[in-house]
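# Observations on the three-dimensional arrangement
Chain by chain, the residues:
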Amino acid sequence: MYQPLADELRPKTLDQVVGQRHILGERGILRRMIEGGGVPNMIFYGPSGIGKTTVAEIAAARIHRPFYRLNATTASLADIKAITADVGTLLAPEGVVLYLDEIQYFNKKQQQSLLEFMENGKLTLIASTTENPYFYVYNAVLSRSTVFEFKPLSPEEVLPVVRRGIQRMGEKGQVEVCCEEGVAEYIARSCGGDVRKALNAVEALFAAHALDLGQVTLTLEEAQAVAQRSANRYDRDGDSHYDILSAFQKSIRGSDPDAAVHYLARLLEAGDLISPCRRLMVIASEDIGLAYPQAVSVVKACVDSANMLGLPEARLPLAQAAIFLATAPKSNSAILAMEGALADLRAGNGGEVPTNLRDAHYDGAAKLGHGQGYRYAHDYPHHYVKQQYLPDTLKDRVYYQYGENKTEQTAKRYWDLIKGEG
């Protein structure tokens, strides 16, 4: 019977698990909990192929209770009821352990069906998810569970597994294996920290040599073919999408053009054109703002050009925009002013529009006093006259503070002189 290489090499002990030293190291908290046998309800959070299921199975084996496994993508409420029906019976007098893979696919009712048994300890839940549990798992389940984050593996951590996989495939096929220099390293590097993906690539390599007898030579060109683009961990609807977008904006804000281009490349390599275009337009106003007001029009031109060209050519104007914004002077004075104004409104500090500023272009406005006393700024020297524009309740409020950049400081000096404040 066929057994995938990744399953065949699945670790049986915590010492065999690759990576996750922050929780499975010698004094790691999760290791101590599992070895002590006092395993609570847990949620394992992290990308695919990094050991969540393996650690769950090892943990379950320490509890010595009936072990059930469900995948939330296919399981139903009836499956849960069938498992909980055994709780307290001769089949499971001390309760059960349920490993629930991809818990984010369970709806609220399905998740809530576990609560009663989690509460009294008759069901120990070990769930895994590739999505942020604080967004996808309901609070009632979260409050009864301990969340552990599993991190992607480094190429150095994956490399020994790849080499072991190559050795095992050679033994199974009873062939002598020769590898060109860099084959194992390339697979380890290109899998994006996913051991399963790396071992699948190893299997694919050997499948291409299924008819070779006696000796198999694995080439770097073949490794590049089976592992192509696999290092780019990306899901438009998942955490990685927002993490990359966040890193993209923060890199530009931090004036690092190299990092900006890196994260832009990750977005475009995944075929996502819309997200970086929208984010670049946001950055032009949020992070560059009044330090370089023309940035909006420059970026808009680049974004329009990118959308007209489409991928792959769109990468050129978008790279231009990203580097332009990363190396431009920065100011967040506009967004701070807006946030200050919104904070007042949300706190109920609005107030009436001053009478002299109200619309006076209709019959009867004069009888209401609307527009009376308004002074037309263009009738005065330098097109400025001092008068109150904010509502009475906010008349002394200052939302906009000039940024410490050349453009805004030039404007400040001008208005300080005009307003007699210089």
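Here the structure is a predicted model, which means the values were calculated and not measured.

Our next topic: helix α10 (residues 155–173). With 19 residues, α10 ought to run about 27 Å at 1.5 Å a step, and its terminal C-alpha atoms sit 26 Å apart, in line with that. What α10 keeps buried is the set V158, L159, V161, V162, G165, I166, M169 and G170. Looking one or two residues beyond α10, the residue adopting positive phi is Q174, at roughly 55°.

Strands sit in the order β2-β3-β4-β1-β5 across an open sheet of 5 strands; the sheet is parallel. With one partner strand each, in any of the chains shown, β2 (67–71) and β5 (146–149) form the two edges of the open sheet. On average, adjacent strands in this sheet sit at an angle of 15° to one another, irrespective of strand direction. Judged from the 5 bridges that link them, β2 and strand β3 (residues 96–101) form a sheet pairing that is parallel.

Turning next to the side chain of E102. Within the secondary structure, E102 sits in the loop between β3 and α6 (108–112). Buried charge without a salt bridge: E102, with K52 as the nearest opposite-charge side chain at an N-O distance of 6.2 Å. Of note is the side chain of E102, whose polar atom sits 2.6 Å from the side chain of Q104. Here E102 is in contact with N71, A72, T73, S128 and T130, once residues within four sequence places are set aside.

By secondary structure assignment, the location of L268 is in helix α15 (residues 257–269). Judged by relative accessible area, which is 12%, L268 ranks as buried. As a C-alpha pair, L268 and K109 span 159 residues in sequence and 38 Å in three-dimensional space. If near-sequence neighbours (up to four positions away) are discounted, L268 is found in contact with L273, P276, L311, R315 and L318.

In this section: the confidence of the model for the chain. Reading predicted coordinates in detail is not appropriate for stretches of low pLDDT. Residues of the chain with pLDDT of at least 70 account for 94%, and the chain-wide mean is 87. Mean pLDDT across the elements of the chain bottoms out in helix α7 (residues 115–119) (80) and peaks in helix α18 (residues 315–326) (96).

Counted according to the given criterion, the structure contains 14 salt bridges. Note that D7 and R10 form a salt bridge whose closest N and O atoms lie 3.4 Å from each other. For D7, a relative accessible area of 32% gives the class partly exposed. D15 is the partner of R31 in a salt bridge, and the nearest nitrogen-oxygen pair spans 2.8 Å. Within this pair, whereas R31 is found in helix α3 (residues 29–36), its partner D15 is found in the loop between α1 (5–8) and α2 (21–24), the two being separated by 16 residues in sequence. Residue class for D15 comes out exposed when judged on its relative accessible area of 62%. Among the charged side chains, a network of salt bridges with common partners joins E8, R168, E171 and K172.

Definitions and limits used
Residues numbered from 1 in each chain as written. Predicted model: local features only at pLDDT ≥ 70, side-chain atom pairs only at ≥ 80, totals over all residues. Heavy atoms only, no water. Helix = DSSP H or I, 4+ residues; strand = E, 2+ residues; numbered from the N terminus. Expected span 1.5 Å × (residues − 1). Buried < 20%, exposed > 50% of the residue type's maximum accessible area, 1.4 Å probe, protein only. Pairing = 2+ DSSP bridges. Axes fitted to C-alpha atoms, helices over the stretch in contact; angles between N-to-C directions. Lys, Arg positive; Asp, Glu negative; His and termini not counted. Salt bridge = Lys/Arg side-chain N within 4 Å of Asp/Glu carboxyl O. Polar contact = N/O pair within 3.5 Å; in protein donor to acceptor, adjacent residues only side chain to side chain. Contact = heavy atoms within 4.5 Å. pLDDT = per-residue confidence, 0-100.

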